[in-house]
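Structural description and commentary
Listed below, chain by chain, are the residues.
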Amino acid sequence: MKWFLTVVLTLVAFVTAFGDERKPGEHTLEGVLRAHPKFLYRHYIDGFGGGQSCALRGLEKLANLPEPGTRIRVNGTLGTERHKGGNEANPSPFSPTTYIYMDVRAIEEVGEADIALALAHRIAAGIEALKTKFPHLSDFSAEKHVQQNGEHAGFPAGSTNNPELASIAYFHGVLGERPPAPAAADGAPKKRAAETIFDPETGVRLFVHVFKGDSRGADPTPPIKVGDLSLHLYVDGPVKDDLRTEIQRVIDSVR
């Protein structure tokens, strides 16, 4: 029973901290709608918190129910149900168990832009936690340095011509740029490109791009796949290799 109490407390803490407009006594969950035909409940939601799932009741009363596999946000009242298992008079294929459920009042699909923004915020929160290790991140803020992409040149975010949905951009200790070398004479080595000048102790330039598809415009860099979305991670500066390794671990933790 101890494990169940831990799950309940974790779930309640998660939904209590989730900011939304709801009626008194209600909570909000955001995750993936699932369905199975042979269990104690027909629909449930998962993909939130620390891996919890929650049965959903009352969906048959709601219009325009999304397809299973859709990311959704649901409002309703939480409760628990105890299934005692079967007996000779009333056999059951299920062993005794206790599960969490929600009586759902409202349901809505979560758009790709919202999913991308939530992913960017989760990664940014992990980057912010690296401040104690990297003074280069002293001014980094998960709230300040995340932005959602919008329409560009008439193309909506997430479209083929504008695939980026959200991004993280941060600069610190960037002192300037050394201009390119003059054009080389015929037969001479190619001219040197412009070079960023960083503070040797705190300089960093950091980008995380969240987008749809396998490429972000003309950038040929292979993406990091996170579900149906893709990421490009760029780190430049004196500690670029160590910092990139740590941020990659953050990304791997949310995949």
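I will try to describe carefully the structure that is included in this document. (Residues numbered from 1 in each chain as written. Predicted model: local features only at pLDDT ≥ 70, side-chain atom pairs only at ≥ 80, totals over all residues. Heavy atoms only, no water.)

1. Things to note about the sheet that holds strand β1 (residues 27–35)
Spatially, β1-β2-β3-β5-β4 is the arrangement adopted by the 5 strands of the closed barrel, whose pairing is mixed. Adjacent strand axes in the sheet meet at a mean angle of 55 degrees, parallel and antiparallel pairs treated alike. Inspection of the sheet shows β1 paired to strand β2 (residues 43–48) by 4 bridges, in the antiparallel sense. The residue of β2 that forms the bridge with Ala35 is His43. (Pairing = 2+ DSSP bridges. Helix = DSSP H or I, 4+ residues; strand = E, 2+ residues; numbered from the N terminus. Axes fitted to C-alpha atoms, helices over the stretch in contact; angles between N-to-C directions.)

2. A closer look at the sheet that holds strand β6 (residues 146–148)
The strand order across the open sheet built from 5 strands is β6-β7-β10-β12-β11, with neighbouring strands paired in antiparallel fashion. Pairing within the sheet leaves two strands with one partner each, and these edge strands are β6 and β11 (224–226). If you compare each strand with its neighbour and ignore which way they point, the axes differ by 20 degrees on average. Of the strands in this sheet, β6, β7 (164–172), β10 (204–211), β11 and β12 (229–236) are in contact with helix α2 (residues 112–128), which crosses β7 at around 25 degrees. (Contact = heavy atoms within 4.5 Å.)

3. Points about helix α3 (residues 240–254)
In a regular helix each residue adds 1.5 Å, so 15 residues correspond to 21 Å; α3 covers 21 Å between its end C-alpha atoms and thus fits that length. Buried within α3 are the following residues: Leu243, Glu246, Ile247, Val250, Ile251 and Val254. Within α3, the buried residues cover an arc of 145 degrees as seen down the axis, which keeps them to one side. For α3, exposure combined with an orientation more than 90 degrees from the buried face picks out Asp241, Asp242 and Arg249. Where the residues of α3 are buried, they touch α2, β10, β11 and β12. (Expected span 1.5 Å × (residues − 1). Buried < 20%, exposed > 50% of the residue type's maximum accessible area, 1.4 Å probe, protein only. Arc of directions from axis to C-beta.)

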